[in-house]
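# Per-entry structural report
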Amino acid sequence: MAPPIPAGQDRASILVVDDRASKLIAMEALFADFGEDVVCVSSGKDALRQLLEREFAVILLDVNMPDMDGFETAALIRQRPRLQHIPIIFMTAGSDDTHALQGYSLGAVDYILTPVVPEVLRTKVKVFVDLYKMTAQLKRQAEERVALAEERARRAAAEDAGRRAVFLAEAGKRLVRSLDLDTTANTILDLVVPDLAAFAVLRLSVGGGEIVKTRHGEIRDEPAELHARLADSMDRAVRSLGTQEIEEIPGMAGAIRGLACPLLARGTTLGVLAVAVDESNGLQDRANAMVVEDLCGRAAIAIDNCLLYGEIQQRDLRREQFVAMLAHELRNPLGAITSAIGVLERVGGDPAERARGVIRRQAGNLTHLVDDLLDVARITTGKISLTRSHVDLAESVERCLRTLEGTERILQHAITLETEETWIEADPVRVDQILVNLIGNALKYTPTDGKINIRVHPAGDECVLEIEDTGVGMSKEALSHAFDLFFQAERPADGGQGGLGIGLSLSRLLVELHGGSVEAASEGEGRGSRFTVRLPRSAAPPSGEARITAGATESGRCRILLIEDNEDAREMLQMLLSLAGHDVHGAVDGPSGIELAQATDPDMVVIDLGLPDMDGYEVARQLRGRLRAGVGLIALSGYGQAADRRKSLEAGFDTHLVKPVDPNHLSDVIASIQRRHQDGSKQASP
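Reference entry: report on the structure contained in this document. (Residues numbered from 1 in each chain as written. Predicted model: local features only at pLDDT ≥ 70, side-chain atom pairs only at ≥ 80, totals over all residues. Heavy atoms only, no water.)

### Quick notes on the sheet that holds strand β12 (residues 414-419)
We count it as follows: Between any two strands, at least two bridges found by DSSP are needed for them to pair. Helix numbers and strand numbers start at the N terminus; a helix is a DSSP run of H or I with at least 4 residues, a strand a run of E with at least 2. For helices, the axis comes from a line fit to the C-alpha atoms of the stretch in contact; other axes are also lines fit to C-alpha atoms, and the angle between any two N-to-C directions lies between 0 and 180 degrees. Only heavy atoms matter for contacts: two residues are in contact if any of them lie within 4.5 Å across the pair.
The strand order β12-β14-β15-β17-β16 describes an open sheet built from 5 strands, whose pairing is mixed. On the outer flanks of this sheet lie β12 and β16 (517-521), each paired with one strand and no other. On average, each strand axis in the sheet is inclined to that of its neighbour by 10°, with strand direction left out of account. Bridge count between β12 and strand β14 (residues 451-459): 6 bridges; the pairing is parallel. In the strand pairing of β14, L417 is matched with I454. Sheet strands in contact with helix α10 (residues 393-404) are β12, β14 and β15 (462-469), and its direction is about 160° off that of β12. The strands touched by helix α11 (residues 428-444) are β12, β14, β15 and β17 (530-536); relative to β15, the strand with the most contacts, the crossing angle is about 25°.

### Topic: the pattern of salt bridges
Applied cut-off: When a carboxyl oxygen of Asp or Glu is within 4 Å of a side-chain nitrogen of Lys or Arg, the pair counts as a salt bridge.
One pass over the structure, following the stated rule, counts 28 salt bridges. With a shortest N-O distance of 3.5 Å, R20 and D18 are connected by a salt bridge. Among the ionic contacts, a cluster of salt bridges with common partners joins R559, D601, D603 and R628.

### Quick look at the state of the cysteines
Rules: What counts as a disulfide here is a pair of cysteine sulfur atoms lying within 2.5 Å.
Evaluated as defined, the whole model comprises 0 disulfides. The thiol sulfur of C261 is not disulfide-bonded, and the nearest other cysteine sulfur, from C296, lies at 3.6 Å.

### Let's talk about the packing of aromatic side chains
Going by this rule: Stacked, edge-to-face and tilted are the three classes for Phe, Tyr and Trp ring pairs, Trp counted by its six-membered ring, which pair at centre distances within 6.5 Å; planes under 30 degrees apart are stacked, over 60 edge-to-face, the rest tilted. Only protein chains enter the area calculation, which uses a 1.4 Å probe; residues under 20% of their type maximum are buried, those over 50% are exposed, and those in between are partly exposed. A ring is considered to have a charge above it if a Lys NZ or an Arg CZ atom is located within 6 Å of its centre and within 35 degrees of its normal.
Per the stated rule, a full pass over the model turns up 4 aromatic pairs. Here F71 and F90 contribute two aromatic rings whose centre-to-centre distance is 5.2 Å and whose plane-to-plane angle is 55°, an arrangement assigned as tilted. Here F71, found in helix α3 (residues 70-78), pairs with F90, found in strand β4 (residues 88-92); they are 19 residues apart in sequence, far enough to count as distant. Residue class for F71 comes out buried when judged on its relative accessible area of 8%. Take F90: its relative accessible area is 0%, and that puts it in the buried class. An aromatic cluster is present here, built from F71, F90 and Y111 joined pairwise through their rings. Directly above the ring of F34 sits K126, whose terminal nitrogen or CZ lies 5.5 Å from the centroid.

Keep in mind these numbers describe shape, not what the thing actually does.
As structure tokens, then:
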């Protein structure tokens, strides 16, 4: 059923019920000047129908009507809750007191005998009409006030929701700014106090222990019971994995309330955050409590990210330490082998020349492998730097091929070289490393009597290096993984022993470090491969710029003290230096080396940094205070990172050499230190 039609704001409705048409006409005329709506019906049924459809200010009801008299009609009207309070004025020609009592019992406001006095009836009806209008106006005003209050509440709720959203968004930004656990924990507390609470405690479970941080706001002199209640609530929050409300705690200036919320991430409880406020803050508001819970969710993710980052850092550190230790352990025997090769080559005339060549090549391969392993680790962790200079890429390729000419593998292939002068700004050592890896890869995957074509040429702003072979080629799947670390394609039957699959990966990293690119291409298995390197082109250096070529430097005879705990390495290096014409003495540890240095007064001291008991750094520091000025100190180590070299210089060494030491390079270093000290002595002389 449709709702009743309310009266207009300026007009009320008057219902007149009478079975006589003349009476209805008279009543309508009587109230015409009221300016209200006068509705006239002739029966009780019609009256009920009108009452269901609209609202009326007053009902004028005739008692004597056929079918349903006025009393029956009134009784039916009063049965409806909505109609129980409508004023009813009975009108009748009879003056029976019983009828009057019956009318009043049905809720009538008046019982009028006809014929009525028009002015009296008009006055009475006017009273009820005005009362209806006044009531309607008050109702409208009340509804408007309710609507206004609701609108204000909605606006306030929207503003609060907006502020919470802005707060949580800003909190999310601040929480992701750092992956340091301590910084993130302090950020969480900064977000909570004082915006959400006056006091906060953050407890984190990290590495089998606990980190507890507190932040004080307005509650500075918190009651003694506060910490105990907070701790209890935090324990309950961890056990239940849900937020725990903290009951009122009598405070200094009023009741203190709060809550404890667990920090959950990936199914693990990382800790718990407890906050407390005084009664004026209103944390008991569920909306504010939800903000704390939402913040705890974001905080848990941020803390989990910090812990994951810490684990990654620890894994990287352990990996670097492992690789460095592996390199150190490999370089000790390599040092002995390299020194032994130097001794054999200086002695000469040995019929085992071929065996020496094999040892030399394999020692070089091992050294190259160790260097590649270390370089991959350094590049991927951003710990490698380039020393750039003008480099002619064509000249670098030619030099690389000359270096490889002594190897057995290169003699089994037909190599063609097409080069043009092509200049780049690059680290020449790293460029040689790239070339050796790429050309070595072509040699490795090209069967005997295969062809390798190398081309170097400028192309616009780029320098292009192309290495094309007739080798085993690559499938589409192999091409997609060609530069992946530790990936190796199938080798040809006569390909010999493979490496670890790091050469191409290292080459790509080094090329990209120079701002270039490298790509691999192949038409399929058995159809060869082509590697193309593109590097930024540079202008040729000025014509007067000196081009330095490394060469052997003759060193004068000097007394050398060698302090090395590895017997083989010490013996071979001592023999090698003796064959070079030096007077060499050896010591097995730091104390005996210091004692021997005071007895022999050496010109040069070569010290292994990894000595037992007293390491090489301490030996150098003590020797600098006991030996005469001008004595050279050379550090030998299996570790060659920048930090290791810096530490050696700080300890008083002239230079830091990484094992295995090339005999020619060692001679160059000794000669350089001798010359530098001699020049210094001349300048100091009057």
